[in-house]
Amino acid sequence: MSMLAVTAALQFSAQSAWANMVYVSNEKDNTVTIVDSATMEVVKTIDVGQRPRGITVSHDGKFLYVCASDDDTVEIIDTATHEIIGSLPSGPDPELFVLSPDGKTLYVANEDDNLVTAIDVEKKSMIAEIPVGVEPEGMGISPDGKTMVNTSETTNMAHFIDTSTHEITDNVLVDARPRFAEFKPDGSEVWVSAEIGGTVSVIDNQTREVKHKITFEIQGLRSEAIQPVGVRISADGKKAYVALGPANRVAVVNAETYEVEKYVLVGQRVWQLAFTPDGKFIISTNGLSNDVTFIDTEADEPVKSVTVGALPWGVAVAPN
């Protein structure tokens with residue numbers, strides 16, 4: 001085999017080896033834990049900025065973006081070397097963000113200043129600051145990239161923002177303390193979780209009105225212990241998963257009928273969720289038990305919990 005072929009093979013092997021990495025932001029100990037989704041084992045823990053929360057991977061898998069909330073910045077990490085190679089001008093107290101479908105723009109919720117900051121990822125420059133409601137957090141973007149939704153925890157609204165003008169086009173009232181926004185893969189609906197309200201509002205993306213509210217009941221638990229946070233919808237749009245906070249469960253919801261079909265017991269204070277690229281597993285971060293749980297999406301059963309850092313908050317999986 002020629003040296004060129006050997007080099008290409010090694011590069012392919014390295015890329016394949018890291019293709020299924022799971023990245024978990026640990027809010028309390030200022031680290032990111034890297035878990036191999038194939039073996040479900042921790043492979044590395046890296047130090048990052050203070051109070052890491054929101055986390056995502058570039059669409060090409062080369063970079064990891066981490067909200068270092070108490071450092072008022074978004075850190076850029078090279079996924080090949082796991083070194084911090086730069087930062088983005090996130091604005092104050094970045095908590096959650098969403099990357100545009102073309103991978104060029106990062107939209108960041110700035111909780112302390114009631115703003116959403118739009119950042120040009122390549123130029124590492126701010127594009128716009130968009131005033132929103134009080135305590136913005138949840139961030140979702142439509143599959144076509146034309147509409148971004150931010151939720152404001154104290155105003156109890158979902159703000160629909162035109163990404164071409166950076167203007168709010170609609171404000172939709174939801175239940176108390178909305179924490180997350182997730183578009184259906186076809187862009188027809190936005191699902192917004194309300195932590196204190198205990199519901200998920202399904203908003204029609206055409207009419208911008210709430211068309212359904214999903215509620216949750218778990219035998220033996222008080223309603224105030226059921227606090228929806230992270231929401232993820234399967235690629236085929238048929239099934240949704242909702243993290244229920246101190247209820248220590250992930251709800252499995254039929255995304256076509258809006259019926260709750262199952263509750264999956266995971267770790268303590270389940271917060272955020274992420275699918276593996278093949279959709280075979282969804283991973284929950286369990287803040288108070290300091291672990292993540294892999295859930296088999298065919299059986300909707302937990303497969304394994306993996307200990308990570310202190311107070312795991314966000315989770316992202318590298319694309320194939």
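What you are looking at is a predicted structure, and each value in this text was computed from that prediction instead of being measured.

What counts, and at which threshold
- Residues numbered from 1 in each chain as written.
- Predicted model: local features only at pLDDT ≥ 70, side-chain atom pairs only at ≥ 80, totals over all residues.
- Heavy atoms only, no water.
- Helix = DSSP H or I, 4+ residues; strand = E, 2+ residues; numbered from the N terminus.
- Rg over C-alpha atoms; globule rule 2.2 N^0.38 Å.
- Buried < 20%, exposed > 50% of the residue type's maximum accessible area, 1.4 Å probe, protein only.
- Contact = heavy atoms within 4.5 Å.
- Areas by Shrake-Rupley, 256 points an atom, 1.4 Å probe, with all protein chains shown as cover.
- Salt bridge = Lys/Arg side-chain N within 4 Å of Asp/Glu carboxyl O.
- Phe/Tyr/Trp six-rings, centres within 6.5 Å; stacked < 30°, edge-to-face > 60°.
- Pairing = 2+ DSSP bridges.
- pLDDT = per-residue confidence, 0-100.
- Core = buried A, V, L, I, M, F, W, Y, C linked by side-chain atoms within 4.5 Å.
- Axes fitted to C-alpha atoms, helices over the stretch in contact; angles between N-to-C directions.

**Overview of the overall build of the chain**
Across its full length, the chain carries 1 helix and 28 strands. Compactness check: the chain gives a C-alpha radius of gyration of 19 Å against a globular reference of 20 Å for 320 residues, within 12% of the reference. Seen along its three principal axes, the alpha-carbon backbone of the chain occupies a region of about 60 × 45 × 35 Å. Counting all 320 residues of the chain, 57% fall into the buried class. Across the chain, the fraction of contacts at a sequence separation of at least 24, relative to all contacts at a separation of at least 6, is 41%. Working note: accessible area of the chain is about 13,400 Å², and carbon and sulfur atoms make up 48% of it.

**Observations regarding the pattern of salt bridges**
When charged atoms on two side chains of opposite charge get close, those side chains can pair. By the definition in use, this model includes 19 salt bridges. Two residues, Asp93 and Arg53, come together in a salt bridge whose shortest N-O distance is 2.7 Å. Of this pair, Asp93 sits in the loop between strand S7 (84-88) and strand S8 (94-99) while Arg53 sits in strand S4 (residues 52-57), and the two are 40 residues apart along the sequence. Here Asp175 makes a salt bridge to Lys213, at a shortest N to O gap of 2.8 Å.

**Quick look at the packing of aromatic side chains**
Two numbers describe a pair of aromatic rings. These are the distance of the centres and the angle of the planes. Enumeration according to the criterion identifies 3 aromatic pairs in this entry. Seen in terms of ring centroids, Tyr241 and Phe275 are 5.8 Å apart; in terms of plane orientation they differ by 80°. Their pairing is edge-to-face. With a gap of 34 residues between them, Tyr241 in strand S21 (residues 239-243) and Phe275 in strand S24 (residues 270-275) connect regions that are remote in the sequence. Tyr241 sits in the buried class, given a relative accessible area of 1%. Where Phe281 meets Phe294, the ring centres are 6.4 Å apart and the plane angle is 80°; that geometry is what we call edge-to-face.

**Some remarks on the pairing of strand S10 (residues 115-120)**
Across the 6 residues of S10, 6 count as buried, placing the element largely inside the fold. Of the two faces of S10, the one holding Leu115, Thr117 and Ile119 and the one holding Val116, Ala118 and Asp120 are both buried throughout. Pairing geometry for strand S9 (residues 105-110) and S10, over 6 bridges, is antiparallel. Note that in S10 the partner of Leu106 across the bridge is Ile119. As paired strands, S10 and strand S11 (residues 125-131) are joined by 6 bridges and run antiparallel to one another. Paired with Asp120 across the bridge in S11 is Ser125.

**Some words on the confidence of the model for the chain**
Summing up the model confidence of the chain, the mean pLDDT is 94 and the portion of residues at 70 or higher is 94%. Contacts from residues 1-18, a stretch scored under 50 in pLDDT, to residues over four places away or in other chains number 6 contacts.

**Comments concerning the nonpolar core**
Ranked by size, the top nonpolar core spans 34 residues in total, and within it Trp191 and Phe216 carry the most contacts. Those residues in contact with Phe216 that sit more than four places away from it in its chain are Gly198, Thr199, Val200, Ile226, Pro228, Val242, Leu244, Ala251, Val253, Val260 and Tyr263.

**With respect to the side chain of Glu95**
Inspection of the secondary structure puts Glu95 in strand S8. With near-sequence residues (within four places) excluded, Glu95 lies in contact with Arg53, Gly54, Cys67, Ser69, Ala109, Glu111, Glu137, Glu153, Arg179 and Trp313.

**Here's the deal with unusual backbone geometry**
Within the chain, Asp72 stands out as a residue other than glycine whose phi angle is a positive 55°. Within the element layout of this structure, Asp72 appears in the loop between strand S5 (63-68) and strand S6 (73-78). A positive phi angle, near 60°, is found at Arg177, a position not held by glycine. As for its placement among the helices and strands, Arg177 is situated in the loop between strand S15 (167-173) and strand S16 (178-183). By relative accessible area, Arg177 is classed as partly exposed at 28%.

**A closer look at the sheet that holds S4**
On the basis of which strands lie adjacent, the open sheet formed by 4 strands has the order S4-S5-S6-S7 and antiparallel pairing. Every interior strand has two partners, whereas the edge strands, S4 and S7, have only one. Taking each pair of neighbouring strands and ignoring which way they run, the sheet shows an average axis angle of 25°.

**Topic: the sheet that holds strand S25 (residues 281-286)**
Spatially, the 4 strands line up as an open sheet ordered S24-S25-S26-S27, and their pairing is antiparallel. The open sheet terminates on both sides in strands that have one partner only, identified here as S24 and strand S27 (301-307). Put simply, the sheet's adjacent strands are angled 25° from each other on average, direction ignored. Summarising the sheet, S24 and S25 pair through 4 bridges and their orientation is antiparallel. Bridge pairing in S25 places Ala274 opposite Ile283.

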